[in-house]
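# Analysis of the macromolecular model
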Amino acid sequence: MNSQRTLTIDDFNIEEAIYEFQVQETHLDTFGHMNNATYLTIFEQARWDMITKNGWGMDRIMREKKGPVVLDINITFKSELRLRQMVKIRSKATSFVNSKVLVYEQEMFDDSGKVYTKFKMTAGLFDLKERKLMGHDPDWLKAVGLTLKA
């Protein structure tokens with residue numbers, strides 16, 4: 001990365017990834033609500049879909065011993081989901097906390113644009129051999145949808 005100055009999110013093109021899914025019986029509890037742990041699983045599936053499509057899937061993680069790690073999460077539940085409802089998750093990186101940590105946001109919405117849940121997390125790239133966070137690797141940034149502007 002550029003050693004002349006610290007890069008900001010404004011230095012990057014930001015790709016938004018869209019992941020579609022249907023609410024299933026196994027996603028709902030006895031109240032007919034989606035269990036909060038299920039939200040975490042589905043948001044994670046959307047992130048894995050994005051990074052795998054962008055070249056940083058499980059095969060690369062196992063080969064290079066470097067992979068994503070979640071540092072902090074916040075979920076805001078805005079509206080109830082229904083059984084068999086089709087929804088989408090929009091995922092994108094939104095800012096850098098520092099040279100090793102970025103903010104990643106997701107939201108669950110339907111075709112009308114109604115937002116059901118918002119998810120915000122901080123994450124980084126973890127070196128499994130050294131057991132520490134790494135700096136922002138350009139290939140990793142590409143995997144989360146960030147490419148330097150020309």
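For the structure given in this document, a descriptive report is provided here. (Residues numbered from 1 in each chain as written. Predicted model: local features only at pLDDT ≥ 70, side-chain atom pairs only at ≥ 80, totals over all residues. Heavy atoms only, no water.)

It is worth spelling out the packing of aromatic side chains at this point. Counted under the stated rule, the structure contains 4 aromatic pairs. Measuring from ring centre to ring centre gives 4.9 Å for F43 and F119, while their planes differ by 20 degrees; the resulting arrangement is stacked. One end of the pair, F43, is in helix α1 (residues 36–53); the other, F119, is in strand β6 (residues 115–127), with 76 residues separating them in the sequence. F119 carries the same exposure label as F43, and that label is buried. Ring centres 5.5 Å apart and planes at 80 degrees place the aromatic pair W56 and W140 in the edge-to-face group. Of this pair, W56 sits in the loop between α1 and α2 (58–64) while W140 is found in helix α3 (residues 138–143), placing the two residues 84 residues apart along the sequence. Since its relative accessible area comes to 0%, W56 is described here as buried. You can call W140 buried: its relative accessible area is 5%. Against the face of W56 rests R60, its NZ or CZ located 3.9 Å from the ring centre. Between R90 and the ring centre of F109, over which it is positioned, the NZ or CZ distance is 4.3 Å. (Phe/Tyr/Trp six-rings, centres within 6.5 Å; stacked < 30°, edge-to-face > 60°. Helix = DSSP H or I, 4+ residues; strand = E, 2+ residues; numbered from the N terminus. Buried < 20%, exposed > 50% of the residue type's maximum accessible area, 1.4 Å probe, protein only. Lys NZ or Arg CZ within 6 Å of the ring centre and 35° of its normal.)

Residues F21 and M108 are the most contacted members of the largest nonpolar core, which totals 36 residues. Taken together, the elements giving at least two residues each to this core come down to β2 (17–22), α1, β4 (86–96), β5 (101–109), β6 and α3. Per element, the largest residue contribution to this core is 6 residues, and it comes from α1. In this structure, M108 is in contact with F21, Y39, I42, F43, L81, V87, K88, I89, K114, V115, Y116 and T117, ignoring residues within four places of it in sequence. (Core = buried A, V, L, I, M, F, W, Y, C linked by side-chain atoms within 4.5 Å. Contact = heavy atoms within 4.5 Å.)

Treat this as a map of the structure, not an account of what it does.
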